[in-house]
Amino acid sequence: VDALDPDVLVAQECEDPAYSAAAYRDWADNYCWIGYGKSKGIGVFARRGLSIERLDWHDAGYQLFLPVRIAGKFNILAVWTQSTKPASMAYIGQFWHYLQLHKSKLDHSTIICGDFNSNQIWDRPRRAWNHSDCVRELGDLGFFSAYHRHMNEPHGAESDPTFYLYRDVKRPFHMDYIFAHEQRLNLDANCFKVGSPDDWLTFSDHMPLIIDL
């Protein structure tokens, strides 16, 4: 990931650096992390010199959400939705309920990003919190997916996958997103891209989403 030279990196399914190898701890000296035990969580890593602090947003048991303040100027809500029982509460249901708790805190300085494990193709119309409902509610708050704004594609018809099941290029899905306020979204051709499987599939089944705001 150093090849991306990021100011801020959001990574799902990562270890807590505090309990990991020395090289990882040295690399990740400016971060916030939450997760299960010490080996599987979500981390936000900031470039040295940028302040990062975890925000006290109660999660009410919904998982996993990590809100942080970067450089005292903007917030990142890092997302890695989880499976749970009942199944109707899993994945995008976790995000919908968390959004109800904290949508009053969201403003143009907030970026929402991560692995939502969700796409419109899996909508269940009778469910009150499917993917389309969340996208619509975020839109009412002024938040839009950077990918869909940049590519001018509808949800559910994405041409670029962000995930390859079992790292198989024949099993692609789009389930990772960056939502930013319309005041922040820059539609310049170089501002957003999805990493190529030729570069990344050796390392991860998820491709990076890269945005310059």
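Coordinates for the structure precede this section.
Residues numbered from 1 in each chain as written. Predicted model: local features only at pLDDT ≥ 70, side-chain atom pairs only at ≥ 80, totals over all residues. Heavy atoms only, no water.

Undergrad: Any chance you could break down the overall build of the protein chain for me, citing the residues and the numbers?
TA: A tally of helices and strands in the protein chain yields five helices and 13 strands. For 213 residues, the compact-globule estimate of 2.2 N^0.38 gives 17 Å, and the protein chain sits close to it at 16 Å. By principal-axis analysis of the C-alpha atoms, the protein chain measures approximately 50 × 40 × 35 Å. By element, 48% of the accessible surface of the protein chain is carried by carbon and sulfur atoms, the whole surface being about 11,200 Å². Between the mean site of the 21 positive side-chain charges and the mean site of the 28 negative ones, the protein chain shows a separation of 5 Å. (Helix = DSSP H or I, 4+ residues; strand = E, 2+ residues; numbered from the N terminus. Rg over C-alpha atoms; globule rule 2.2 N^0.38 Å. Areas by Shrake-Rupley, 256 points an atom, 1.4 Å probe, with all protein chains shown as cover. Lys, Arg positive; Asp, Glu negative; His and termini not counted. Charge placed at Lys NZ, Arg CZ, Asp CG, Glu CD.)

Undergrad: Let's hear about the pairing of strand β2 (residues 31-36): which residues, and what values?
TA: One ladder, built from six bridges, connects β2 with strand β3 (residues 40-46); its direction is antiparallel. If you follow W33 over to β3, its bridge partner there is G43. (Pairing = 2+ DSSP bridges.)

Undergrad: Talk me through helix α2 (residues 92-102); I want residue IDs and the actual numbers.
TA: Within α2, nine of the 11 residues are buried, which leaves it mostly tucked inside the rest of the structure. Turning to α2, its buried residues are I92, G93, Q94, F95, W96, H97, Y98, L99 and H102. Elements that come into contact with the buried residues of α2 comprise β5 (65-70), β6 (74-80), β7 (110-115) and α3 (131-140). (Buried < 20%, exposed > 50% of the residue type's maximum accessible area, 1.4 Å probe, protein only. Contact = heavy atoms within 4.5 Å.)

Undergrad: Now, about the side chain of T162: what can you tell me, with residues and values included?
TA: Structurally, T162 can be placed in the loop between α4 (146-151) and β9 (163-164). One polar contact links T162 to D176, side chain to side chain, over a distance of 2.6 Å. Apart from the residues within four sequence positions on either side, T162 is in contact with F173, H174, M175, D176, V194, D205, H206, M207 and L209. (Polar contact = N/O pair within 3.5 Å; in protein donor to acceptor, adjacent residues only side chain to side chain.)

Undergrad: Talk me through the sheet that holds strand β11 (residues 176-181); I want residue IDs and the actual numbers.
TA: The mixed open sheet is built from six strands, whose spatial order is β4-β5-β6-β7-β11-β8. Taken across any chain shown, the strands that pair with only one partner, and hence form the sheet edges, are β4 (52-54) and β8 (143-145). Ignoring strand direction, the axes of neighbouring strands in this sheet form an average angle of 25 degrees. Taken together, the five bridges between β7 and β11 define a ladder with antiparallel strand orientation. Looking at β11, one finds that G114 is bridged to Y177. Here α2 sits on the sheet in contact with β5, β6 and β7, set at roughly 50 degrees to β5. (Axes fitted to C-alpha atoms, helices over the stretch in contact; angles between N-to-C directions.)

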